[in-house]
Each structure stands twice: as structure tokens, then as C-alpha cells.
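Working through the structure, step by step
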2 protein chains.
Amino acid sequence: MRRVFEEELNDLHNHFFQMGKIVNEAVYKSVKAFVNHDKGLAQEVIDGDIIINKHEVDLEKRCFEMIALQQPVTTDLRKIVTIMKASADLERMGDHAVSIAKSTIRVKGNKRDYAIEAQIAEMSEKVKVMVQGVLDAYVVSDADKAKDVALSDVAVDNDFKKIYKACIKQMKSDPDIILGATDYMLVAGYIERIGDYVTNICEWIIYLNTGKVTELNTHNKNDHFLNS
Amino acid sequence: MRRVFEEELNDLHNHFFQMGKIVNEAVYKSVKAFVNHDKGLAQEVIDGDIIINKHEVDLEKRCFEMIALQQPVTTDLRKIVTIMKASADLERMGDHAVSIAKSTIRVKGNKRDYAIEAQIAEMSEKVKVMVQGVLDAYVVSDADKAKDVALSDVAVDNDFKKIYKACIKQMKSDPDIILGATDYMLVAGYIERIGDYVTNICEWIIYLNTGKVTELNTHNKNDHFLNS
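Conventions adopted
Residues numbered from 1 in each chain as written. Chains lettered and ligands numbered in written order. Predicted model: local features only at pLDDT ≥ 70, side-chain atom pairs only at ≥ 80, totals over all residues. Heavy atoms only, no water. UniProt positions renumbered as here; feature names shortened; annotations may be inferred. Core = buried A, V, L, I, M, F, W, Y, C linked by side-chain atoms within 4.5 Å. Buried < 20%, exposed > 50% of the residue type's maximum accessible area, 1.4 Å probe, protein only. Contact = heavy atoms within 4.5 Å. Helix = DSSP H or I, 4+ residues; strand = E, 2+ residues; numbered from the N terminus. Lys, Arg positive; Asp, Glu negative; His and termini not counted. Salt bridge = Lys/Arg side-chain N within 4 Å of Asp/Glu carboxyl O. Expected span 1.5 Å × (residues − 1).

The name an unreviewed UniProt entry assigns to chain A is Phosphate-specific transport system accessory protein PhoU, from the organism Carnobacterium antarcticum. In its Subunit (unreviewed entry) section, the UniProt entry covering chain A states "Homodimer."

**Description of the nonpolar core**
The tendency in soluble globular proteins is for nonpolar side chains to be buried as a group. A:Met93, A:Ile120, A:Met171, B:Met93, B:Ile120 and B:Met171 are the most contacted members of the largest nonpolar core, which has 149 residues in total. When residues no more than four places from it in sequence are discounted, the contact partners of A:Met171 are A:Ile177, A:Ile178, A:Ala181, A:Thr182, A:Met185, B:Met171, B:Ile178 and B:Thr182.

**Observations regarding the side chain of A:Glu91**
Residues and elements named next belong to chain A. Inspection of the secondary structure assignment puts Glu-91 in helix α3 (residues 74-106). In this structure, Glu-91 is buried with no salt-bridge partner, the nearest side chain bearing the opposite charge being Arg-92 at 4.8 Å. Leaving out residues up to four positions away in the same chain, Glu-91 has contacts with Met-19, Ile-52, Asn-53 and Glu-56.

**Notes on the environment of B:Ala181**
All names here are of chain B. By secondary structure assignment, the location of Ala-181 is in helix α7 (residues 178-210). Spatially, the C-alpha atoms of Ala-181 and Asn-10 are 46 Å apart, while their sequence positions differ by 171 residues. What Ala-181 contacts, discounting residues up to four positions off in sequence, is Cys-167 and Met-171.

**Digging into helix α7 (residues 178-210) of chain A**
Residue and element names in this part refer to chain A. Spanning 33 residues, α7 covers 48 Å between terminal C-alpha atoms, matching the ideal 48 Å at 1.5 Å per step. Of all 33 residues that make up α7, 30 are buried, and the element is covered over most of its length. Following α7 by one or two positions, Gly-211 has its phi on the positive side, about 80°.

**Notes on the pattern of salt bridges**
Summed over the entire model, instances satisfying the criterion amount to 24 salt bridges over all chains. One salt bridge connects A:Asp159 with A:Lys126, and the closest N-O pair in it is separated by 2.8 Å. Residue A:Asp159 is found in helix α6 (residues 153-173), and its partner A:Lys126 is found in helix α4 (residues 114-139); the two are separated by 33 residues along the sequence. Since its relative accessible area comes to 7%, A:Asp159 is described here as buried. Relative accessible area serves as the criterion here: at 30%, A:Lys126 is assigned to the partly exposed category. Two residues, B:Lys61 and B:Glu65, come together in a salt bridge whose shortest N-O distance is 3.3 Å. Residue B:Lys61 and its partner B:Glu65 are both found in helix α2 (residues 39-70); the two are separated by four residues, about one turn of the helix. The exposure class of B:Glu65 is partly exposed, given its relative accessible area of 28%.

Laid out in C-alpha cells, this is it:
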């Protein structure tokens, strides 16, 4: 029974990691498509979301089955709970990638601002590093690494504030940029939210190690807009 | 054992319903505060969020304990899973109420547009009816009622599109409204997302009845912006 449980847990573990890689790819592609105005790539992200959703449903189903059939307690139960909660966060990251992709599809010859687009690309690079970092921390169950990853979300939040301010400034001086700039603000907002979900997963890794639910970066989370 | 289980399930059920009422109140207050520029009421919503989060953590803890200790299967397991998933949705609705409240705190003498504010108030009334509807559907476990509630999310999505278009129009004609109008767009976006979470809970009520995970309003969900 124990051996079977360990094997099943290992399968879950691998499955979660695979899902994480797919989501990371989707986030990366969605921003690349947005910055390059690549509607084909954006459509690829939208079409691929069904696979991410299926992974989440499958993982969740397996988690509930394992809890109901094997009645794990303490550490084992925590491992399953972590996967279940973190896969829900991954799924939501995928939804935000879809939202970014939809912004790309929507754009119809809006006036562009290359400086802001470069800032968005730079911000998304940071989030990409965060997503890779959290998956690495998960694999080795490293709470310290998870804390470091969560800390880097502060830079992402600051990028968002900068982009927001730049958009307001441009819109005030040039009405032709308004439509495009609202899209920039939205997309930067989605990327910022993705950083929050990575922070959530960091919290789950800490829970896995300590059994305690901690809130990292409380100051910044749930506040995906300027607060000054 | 069975009697204890039934009692515990009933407690969970009541606890979830109480949490729902608190979240509904928070959403309502946050929009009222935004429209009336009432920073005191907005702060009340922000301060109250900790109570909502505590409800979710408590509910989740009880759910996991019941699954691990009582090993429920089929319908009983579904009842617990529904509460766990739906309370996570309620918690996120509370987070969006906080975001709306923070927009209210942030406003510093921005130029206002009373027509758009009236549209936002009207949109939020529809969401309030949805939240009440989904709680009622949950109490009597009524899948048909849940489907009706989810259908009304279409009107909320349309309101969002109207408000978005009105904001763009105003921003183009009057640069002084830009700062205020981006807030209107954001707040309308939060309300629209709250409608999506209500739709999620409707899906969980259907799952409770049928054991099947359905996606209602797929066309509108995860697309909280114009798609034209």
C-alpha cells in the first residue's frame, strides 16, 4: 500500500511539473505575441488553454481520489494539498496568458509606443524567471528558494507601476494612443497578476515544508494597481 | 459515525453560507463606497477582508479533516469538494471588493463622470442579485436556478463592454478625465470578474447535483475585456 502511494505521489509530482512547464511556455508565448503583434502565436496560446485546463482537472481528480482512497495524514496529505492548490494557481496563470493573447488578437492598427512595449517585454522576462524559479523550488521542495522567488515579485510590481504611469502620461499628451495604452495597462496588469500567482505557489511550497500557511508579500498582493 | 458526519456537513454548509453573506456585503459596500467617494466605507471593506480570508482557511481546514478522517465517497465527497472550491471563489470575490475599495482610497480629486458612475452602480446591482441568487441556489442545491444565475452574467459582461467604450470615448475628448476613467475601467473590470466567480460557483452547484464538471458561459469567461 505504501509503495503504491509513493508511486502515485511521484506521478502526481511529475504531472504537476509538466503542467508548470506548459503554463510557463503559454505565458512566455502570449507576451511575445503581444509585443510582436503576432496574431498566429496568440491564437496558439488561446487554443492551447484547453490542455492546461485538462491538466488541472486531471490532477485535481487524482488528488481527491488519493485522499479518499488512501487517507493520507500530515506530510503526505500536505503534499497532495499543495499540488491541488498550486495547480489551481497554474491554471489561473494560463487564463491570464489567454487574456494577453486576446488583447493581441483585438489590436487593429492601434498607434504603438515602442518604449512601453519594451518595458512590458522586460517585465515579462522577470516573471518568466520567477515561474522557472518556482518550478525548480517545487521539484527540490526548497522553502528558502521559494521565499527568494516571492521576493522578486516586488520588482514586477514596480514595473507595473512604471508602465501604468507611462501610459497615463502618453494618453494625456496624445489621444491617438488611448486605445493602445489601455491595452498596455491591461496586459501589464495580467503579467503582474501572474507574478502574484507565482507568489501563491511559493507559499504552498513553504506550507509543504512547514505545515504553516504563510502570506508572502502581503503588501503587494491583491493590489494590482497603484496605491500611491 | 454517520450522524456525526451529517452534523459536521451541516456545520460546513452553514459556515459557507455565512461566508457568502459576508462577501456579498463586502462587494456591495465596495461599489457603494466607490460611487459615493466614501473613503471610510472603503477602508471598512479593506479591514474586513481578513475575516473573509479566515473563513476560507477555516472552511478548507475542516474540509480536509473531514476527507482524511471520514473518507467520504461519491455524493458526500462531492458536497465537501463543492464547499472547498466555492469558498475559494468567494474569497477571490472578496479580494476584488478590496481592489475596488483601494481604487476609492486612491482617488484624489480626479475629474468625475456621473453618467459612467451611474452605469457602474447599475452593473453592480446586477452582480449583487447574482450573488444572492447563487447563495439561494446553493442552500436548496438547485442546479436549474444555478444555470439561470450564470446566464445573467451575460448582461454583466455587456455592461462592462459599454462602460469600457464610454471611458475610451470620454478619454479621447477630455484628457482631464483620463486618470478617473482608467479607474472606472478597472472597477468595472473587477465587478465583471466577480460575476465570473459567481458563475464558477454555479458550476460547482451543478457538479454537486450531477457529479459532472460543466463550463457555463465559456464564451464570456476569462475574457474580461472587449473582444470585438
